Amino acid sequence: LDMRMNLKEGRARANYSGNLTLHDFDLGAWTGNTDFGKVTFTSEVINGSGLTGETVNAIMVANIEHFNFKGYDYKNAFLEGDLRWNRFNGAFSIGDENIDFGFRGEINLSGGVPTYEFSASINKIDLKDLNLAEKDLTLSGDITLDLRNSTLADLEGQARVTRFNILHNQEQRYEVDSIVLSSRFLDSQGNKAFAIRSDVLQADLEGRFDIQQVPEALI
């Protein structure tokens, strides 16, 4: 630490600013989320307040040497933005052999309903090597999201993907010029409308359904 810090009112209401370096800091233990592991980074903190997981709020510029999530050690990342408990608003970029992308926008998991509003340019994401999927899938493309809710069945909003590429088992390649997905609830009884627009598929669904079960039901 090289930081001005005021702890007179306790950790939850502390305020601080300056430079912070974490070396093998156990983020999982600090947040109570076992998906997170250890993190090492150097950063500048501006107008920080709160030193507990629930109260932290700060403007941060950070160079992340490594960051463990779901057993994968992410490296060479840069972050700049407003960081709060389960909320990030700003820019993030990373580049290693299994993930290479840039992101700008907001992910907010702090309320009862998560919201995602951001744009990302993905050069490569290897889902299997990142421990995010069991199948050998590598994705690339440009994504714009304006969505709310945490499960696919309850998602509302719109997602747009352009220049979308899927590489399966390092052999089969699928290319789609653009995909636009939209979903909204029509009433309090659970009726909703779901639409897909792309150069390979156009579909509209309306009624009561779980979108995850629709492909199997159609087959």
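Refer to the structure presented above.
Scoring rules and cut-offs
Residues numbered from 1 in each chain as written. Predicted model: local features only at pLDDT ≥ 70, side-chain atom pairs only at ≥ 80, totals over all residues. Heavy atoms only, no water. Helix = DSSP H or I, 4+ residues; strand = E, 2+ residues; numbered from the N terminus. Buried < 20%, exposed > 50% of the residue type's maximum accessible area, 1.4 Å probe, protein only. Areas by Shrake-Rupley, 256 points an atom, 1.4 Å probe, with all protein chains shown as cover. Lys, Arg positive; Asp, Glu negative; His and termini not counted. Charge placed at Lys NZ, Arg CZ, Asp CG, Glu CD. Contact = heavy atoms within 4.5 Å. Patch = residues over 30% accessible without salt bridge, like charges linked within 9 Å, V, L, I, M, F, W, Y side chains within 5 Å. Salt bridge = Lys/Arg side-chain N within 4 Å of Asp/Glu carboxyl O. Core = buried A, V, L, I, M, F, W, Y, C linked by side-chain atoms within 4.5 Å. Pairing = 2+ DSSP bridges.

1. Details of the overall build of the protein
Right, on to step 1. Counting its secondary structure elements, the protein contains 2 helices and 13 strands.
Right, on to step 2. For the protein, the C-alpha atoms occupy an extent of roughly 60 × 45 × 25 Å along the three principal directions.
Right, on to step 3. For the protein, buried positions account for 37% of its 219 residues.
Right, on to step 4. For the protein, the accessible surface area stands at approximately 13,400 Å², while carbon and sulfur atoms represent 50% of it.
Right, on to step 5. Within the protein, the 33 negative side-chain charges are centred at a point lying 5 Å from the centre of the 21 positive side-chain charges.

2. Topic: the side chain of Asn 108
Right, on to step 1. Topologically, Asn 108 is positioned in strand 7 (residues 99-108).
Right, on to step 2. If near-sequence neighbours (up to four positions away) are discounted, Asn 108 is found in contact with Asn 86, Arg 87, Val 113, Pro 114 and Thr 115.

3. As for a nonpolar patch on the surface
Right, on to step 1. A cluster of nonpolar residues, Leu 1, Met 5 and Leu 7, forms a patch on the protein surface that exposes about 310 Å² of accessible area.
Right, on to step 2. Structurally, Met 5 is set in strand 1 (residues 2-6).

4. A word on unusual backbone geometry
Right, on to step 1. The backbone of Asp 24 shows a phi angle near 50°, a positive value even though the residue is not glycine.
Right, on to step 2. Structurally, Asp 24 is set in strand 2 (residues 15-26).
Right, on to step 3. Note on Asp 24: relative accessible area 36%, which makes it partly exposed.
Right, on to step 4. One non-glycine residue, Asn 131, lies in the positive phi region at around 65°.
Right, on to step 5. Take Asn 131: its relative accessible area is 41%, and that puts it in the partly exposed class.

5. Observations regarding the nonpolar core
Right, on to step 1. Among the nonpolar cores identified, the biggest contains 40 residues, and Phe 41, Ile 99 and Phe 101 are the most heavily contacted of them.
Right, on to step 2. Setting aside residues up to four positions removed in sequence, Phe 101 forms contacts with Phe 92, Ser 93, Ile 94, Ala 120, Ser 121 and Ile 122.

6. Concerning the pairing of strand 9 (residues 137-148)
Right, on to step 1. The pairing of strand 8 (residues 115-126) with strand 9 spans 10 bridges and is classified as antiparallel. Looking at the pairing, Thr 115 lines up with Arg 148 of strand 9.
Right, on to step 2. Pairing analysis gives 11 bridges linking strand 9 to strand 10 (residues 156-168), with the strands arranged antiparallel. When the sheet's bridge partners are listed, Ile 143 is paired in strand 10 with Val 161.

7. Focus: the pattern of salt bridges
Right, on to step 1. What the rule picks out here adds up to 7 salt bridges.
Right, on to step 2. Note that Asp 82 is salt-bridged to Arg 84, the shortest N-O span being 3.6 Å.
Right, on to step 3. A residue is classified by how much of its surface remains accessible, and Asp 82, at 18% relative accessible area, is buried.
Right, on to step 4. Here Arg 163 and Asp 142 are joined by a salt bridge, their closest N and O atoms 2.8 Å apart. Taken together, the residues Arg 163 in strand 10 and Asp 142 in strand 9 connect sequence positions 21 residues apart.
Right, on to step 5. Residue Asp 142 is classed as partly exposed on the basis of its relative accessible area, which comes to 21%.
Right, on to step 6. Sharing partners across several salt bridges, the network here consists of Asp 82, Arg 84, Arg 87 and Glu 106.

8. Comments concerning the environment of Ala 12
Right, on to step 1. Tracing the sequence through the fold places Ala 12 in the loop between strand 1 and strand 2.
Right, on to step 2. Filtering out sequence-adjacent residues up to four positions away, Ala 12 remains in contact with Gly 50, Leu 51, Thr 52 and Thr 55.

9. Regarding the pairing of strand 11 (residues 172-185)
Along any regular strand, the residues point their side chains to alternate faces of the sheet.
Right, on to step 1. Across 11 bridges, strand 10 lies against strand 11 in antiparallel orientation. Its bridge partner being in strand 11, Gly 157 is matched across the sheet by Ser 183.
Right, on to step 2. Linkage of strand 10 to strand 11, two consecutive antiparallel strands, is achieved through a turn of 3 residues, within which Asn 169 is found at a positive phi near 55°.
Right, on to step 3. With 7 bridges connecting them, strand 11 and strand 12 (residues 192-198) associate as antiparallel partners.

10. Things to note about the side chain of Thr 40
Right, on to step 1. When you line up the elements, Thr 40 lands in strand 3 (residues 36-49).
Right, on to step 2. Relative accessible area serves as the criterion here: at 6%, Thr 40 is assigned to the buried category.

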